[in-house]
Amino acid sequence: MGLTVGPRLSAAGGVAISGIDLAEPLPPEPKRRILEAFRDHHVVVFPGQALTREQQYGFARNFGEVEPHGGRQAGNKQLEVAHVISNLDQDGNPVDRSPSPVSNYRWHTDKSYRPVPPLLTMLYAVELPPEGGDTEFANTLLGYAALPDETKQRIAGLRVVFCWGASGGKPVMAMREDPPVDHPLVRTHPDTGHKALYLGNHASHIREMTETEGAGLLGELLEHATQRQFVYTHRWRKGDLVMWDNRCLLHRAVANYDMGRYRRVLHRSVVRGTVPF
Ligand SMILES: [Fe+2]
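Residues numbered from 1 in each chain as written. Predicted model: local features only at pLDDT ≥ 70, side-chain atom pairs only at ≥ 80, totals over all residues. Heavy atoms only, no water.

(A) Structural view of the coordination of the iron ion. Donor atoms from the polypeptide that coordinate the iron ion comprise His108 (NE2), Asp110 (OD) and His251 (NE2), at 2.1 to 2.2 Å from the metal. Sequence positions of the donors to the iron ion reduce to the motif H-x1-D-x140-H. Of this pair, His108 sits in the loop between β4 (83–86) and β5 (120–127) while His251 sits in strand β16 (residues 249–253); the two residues are 143 residues apart in sequence, bridging distant segments of the chain. The pair formed by His108 and His251 is uniform in burial state, with each residue classed as buried. (Donors = N, O, S within 2.8 Å, 3.2 Å for Na, K, Ca; no water. Helix = DSSP H or I, 4+ residues; strand = E, 2+ residues; numbered from the N terminus. Buried < 20%, exposed > 50% of the residue type's maximum accessible area, 1.4 Å probe, protein only.)

Given below as structure tokens:
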């Protein structure tokens, strides 16, 4: 069976690709078709995979440099393979970590507080609750395109200050070692030239505005960008590998399962991006 690209999964994006085993080396033609689907639909789902962490790392490497977890220096093999994320404690028991202000349960793009945020993130579903534990993706190309012209003019050229400890316009936790960075509020997708909003959790304020004014604008834009018509909801199945474009999507985990009861384990890989412009 050859590689098959399915129909778009929602108006906001998403597509499923079947007929490919990601544990095997990726030849040029399937790679070209995956990149095309990724460019057009932003979220690519590969159902029914069976991958070791090393095989996932090998697949991710097709798309660029795989970032070690936590931004540590590369060179240690253990840090380079896919990173495990779960709701399990040290003894392997599920625990309810209630959503915190800086958690994955708030709309964000991965590592937006870094000077060079990642191009894409991949998650591979190893263990899942019987239902729930979804991930939502908001397409900020569509969000930007739907803004009134006067808003587009008002926000052109503005820069957002991001830092790890910031949430909803306020620093809520002591900063880690990362100093604040700023990125364009309206960023240009390097592969298509289309404009997308760049904001979400970790966005502190707007460089050109007072903190209150900037936080207000960021709040309004986030509310706009995450309306249901711009959102694709992924309902996970075991064996799904999902890769998404951090340059034009916000995402969040949905706390719609009993975290204290069911195990949810995913393996994560992040591919290095370029400086937003
Ligand atoms: Fe994330």
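Right, picking up where we left off after that structure.
(B) Layout of the packing of aromatic side chains. The full count for this structure, using the stated rule, is 5 aromatic pairs. What links up through ring pairs into an aromatic cluster is the set Phe46, Phe59 and Phe63. The ring of Tyr144 is capped by Lys152, whose NZ or CZ atom sits 5.2 Å from the centre of that ring. Lying across the ring of Tyr198, Arg187 places its NZ or CZ 4.7 Å from the centre. (Phe/Tyr/Trp six-rings, centres within 6.5 Å; stacked < 30°, edge-to-face > 60°. Lys NZ or Arg CZ within 6 Å of the ring centre and 35° of its normal.)

(C) Just the sheet that holds strand β2 (residues 15–18), in detail. On the basis of which strands lie adjacent, the open sheet formed by 7 strands has the order β1-β2-β3-β15-β5-β17-β4 and mixed pairing. With one partner strand each, in any of the chains shown, β1 (4–8) and β4 form the two edges of the open sheet. For this sheet the average axis-to-axis angle between neighbouring strands, irrespective of direction, equals 25 degrees. Helix α2 (residues 53–60) rests against β3 (43–46), β4, β5, β15 (241–245) and β17 (265–271) of the sheet, and its axis sits at about 30 degrees to β17. (Pairing = 2+ DSSP bridges. Axes fitted to C-alpha atoms, helices over the stretch in contact; angles between N-to-C directions. Contact = heavy atoms within 4.5 Å.)

(D) Here's a closer look at helix α6 (residues 211–225). Between its first and last C-alpha atoms α6 spans 21 Å; for 15 residues at 1.5 Å apiece the expected length is 21 Å, and the two agree. Inspection of α6 places Gly214, Leu217, Leu218, Leu221, His224 and Ala225 among the buried residues, and these make up the whole buried set. The buried side chains of α6 occupy one side of the element, clustering within an arc of 125 degrees when seen end-on. Away from its buried face by more than 90 degrees, α6 exposes Thr212, Glu220 and Glu223. (Expected span 1.5 Å × (residues − 1). Arc of directions from axis to C-beta.)

(E) Molecular detail of the sheet that holds β16. Pairing within the open sheet is antiparallel, and its 3 strands lie in the order β14-β6-β16. Two strands lie at the open edges of the sheet, namely β14 (231–234) and β16, each paired on one side alone. When the angles between neighbouring strand axes are averaged without regard to direction, this sheet yields 20 degrees. Note: strand β6 (residues 135–139) against β14, 4 bridges, orientation antiparallel. Its bridge partner lying in β14, Thr135 is registered against His234.

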